[in-house]
Amino acid sequence: MSVTIDITGLPPERIVFRPSPLAELGNALHALAEPAHHTGLHAWTTATTAALAPDLADRLLEAEFMWGATRSDFLLPASPRETLAEELDDLDRMDDEKFVGAALEISCSSSHYPKGLPSPLVDPRSRRRALDLAAARGPRQAAFVERMLGDPAGARAWIRRLLEDCDRAFFADTWQRVREGLAADARDKTELLRRKGLAAALTAASPALGLAEDEHGSRIVVDKLVHGRTWADTAVTLLPSVFGRPHLFTLYAPGWQPVIQYPAAAHELGHTGSAETIVRRLEALTHPVRISMCRHLARGAYSTNELADASGITAPEASRHLAVLRKAGLVATRRRGRYLLHQLDLPVVARIGGDFLESVLR
């Protein structure tokens, strides 16, 4: 399971690492909307929420679907600027159909996202879908979507004022504190790209990023619990983020330049297992016999025959179950004389919950 970006023939200089104030503001708003995703930002989210003016807090709730459970694509600029004002000016130059279509991507995890949908401004079916999904999120969100569909220019001006008010209320100071670190991270990855190549730069940005090269061409592979594919005709932009962790956002919708937003210096936090590995481990633990075996293996080392006897099964059955656990990386095996002893790898098992949570939040 992954998102792939075909970069066959794309010159290395068109792979760009650069921070974006608009993208980081989107992450900050997401952290305020979903603080449980970002325990490391608890002090910031608590203090910022407490200091919000009631009117601003109220408006943020109204537009929360653009950065809450999902992320509107226009919050991931393909051409980052130095200032938020410049990036908002770029948004103003986007045509209504594209802007509204991006704003109303209520569920980016939908099967429709990789294929793209016509803008709800011109397609009745897309319009109905947007209204239905908004209604499921509450009357205020439904009213906001109806307003956006009925008066796109007015809704866009409202969104810009909201983001500017957030900048004045809390983000300008926050951006001043994080911008140099993000710029340094982007420079580091750019230099690594120049000296050691794209594969090294991607791995340094996130263990969930990689480069696949074969007779069919070159592809950036983003390890996520979704399937998606796009092509980079002109460039790929990678945005470092302080507020984004643990998420790894990928813009791969048709008609948009691919963008990847990664947690800055994520490699310093250790390696989270790949999505495939996490699924394999969870599946290995769904069988009641293997759960029972893990109970014994957690307490000490067992040979296959000992484990079979303790579990009330035959040695061949125990061997088959052990093979599943070993393939999932949950059991370590060592030799003692002519016997193989098996034991549960406790640190790996202890990480399953955290690895699973991080994988579904990427």
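Everything in this summary refers to the structure shown in the same document. (Residues numbered from 1 in each chain as written. Predicted model: local features only at pLDDT ≥ 70, side-chain atom pairs only at ≥ 80, totals over all residues. Heavy atoms only, no water.)

So, the packing of aromatic side chains
For step 1, the next point in the chain: One pass over the full model with this rule turns up 7 aromatic pairs.
For step 2, the next point in the chain: Ring geometry for F65 versus F144: centroids 5.6 Å apart, planes at 65°, classification edge-to-face. Here F144 lies in helix α7 (residues 139-150) and F65 lies in the loop between α3 (54-62) and α4 (84-92), a separation of 79 residues in the sequence.
For step 3, the next point in the chain: The exposure class assigned to F65 is buried, which follows from its relative accessible area of 3%.
For step 4, the next point in the chain: Through pairs of rings, three or more aromatic residues link up here, namely W44, F170 and F243. (Phe/Tyr/Trp six-rings, centres within 6.5 Å; stacked < 30°, edge-to-face > 60°. Helix = DSSP H or I, 4+ residues; strand = E, 2+ residues; numbered from the N terminus. Buried < 20%, exposed > 50% of the residue type's maximum accessible area, 1.4 Å probe, protein only.)

Some remarks on the sheet that holds strand β8 (residues 259-263)
Where strands meet in a sheet, backbone hydrogen bonds hold them as pairs that are either parallel or antiparallel.
For step 1, the next point in the chain: With mixed pairing, the 4 strands of this open sheet are ordered in space as β2-β6-β8-β7. Strands with a single pairing partner mark the edges of an open sheet, and in this sheet they are β2 (15-17) and β7 (249-251). When the angles between neighbouring strand axes are averaged without regard to direction, this sheet yields 15°.
For step 2, the next point in the chain: The pairing of β2 with strand β6 (residues 236-241) spans 3 bridges and is classified as parallel. The residue of β6 that forms the bridge with V16 is T237.
For step 3, the next point in the chain: Contacts between helix α8 (residues 152-196) and the sheet are confined to β2, β6 and β8, with β2 contributing the most and set at about 150° to the helix. (Pairing = 2+ DSSP bridges. Axes fitted to C-alpha atoms, helices over the stretch in contact; angles between N-to-C directions. Contact = heavy atoms within 4.5 Å.)

So, the pairing of strand β10 (residues 339-344)
For step 1, the next point in the chain: Looking at chain direction, strand β9 (residues 331-336) and β10 are connected through 6 bridges and run antiparallel. Within β10, the position partnered with A332 by the bridge is Q343.
For step 2, the next point in the chain: Here β9 folds back onto β10 in antiparallel fashion, the turn holding 2 residues, of which G337 has a positive phi close to 65°.

Focus on the nonpolar core
For step 1, the next point in the chain: Within the largest apolar cluster, 55 residues are counted, with the highest numbers of intra-cluster contacts made by W67, F74, F99, M148 and F170.
For step 2, the next point in the chain: Elements with a contribution of two residues or more to this core: α1 (21-33), α3, α4, α5 (96-103), α6 (124-136), α7, α8 and β7.
For step 3, the next point in the chain: The contacts of W67, once residues within four sequence positions are left out, are G26, L29, H30, A33, L60, L75, L162 and L163.
For step 4, the next point in the chain: Core analysis: the next-biggest nonpolar cluster, separate from the first, contains 25 residues, I5, I15, F17 and A208 among them. (Core = buried A, V, L, I, M, F, W, Y, C linked by side-chain atoms within 4.5 Å.)

Concerning the packing of α1 against α8
For step 1, the next point in the chain: Viewed as axis vectors pointing N to C, α1 and α8 meet at an angle of 110°, and their least axial separation amounts to 9 Å. Classified by the angle between their axes, α1 and α8 sit roughly perpendicular to one another. In the packing of α1 onto α8, the handedness of the crossing is right-handed. Here α1 contributes P21, L22, E24, L25, A28, L29 and L32 to the contact with α8, which in turn contributes L163, C166, F170, F171, W175 and L182. (Parallel < 35°, antiparallel > 145°, perpendicular 65-115°, else oblique. Left-handed = near helix turned anticlockwise from the far one by under 90°.)

Everything listed here is a matter of coordinates, which is why it stays silent on function.
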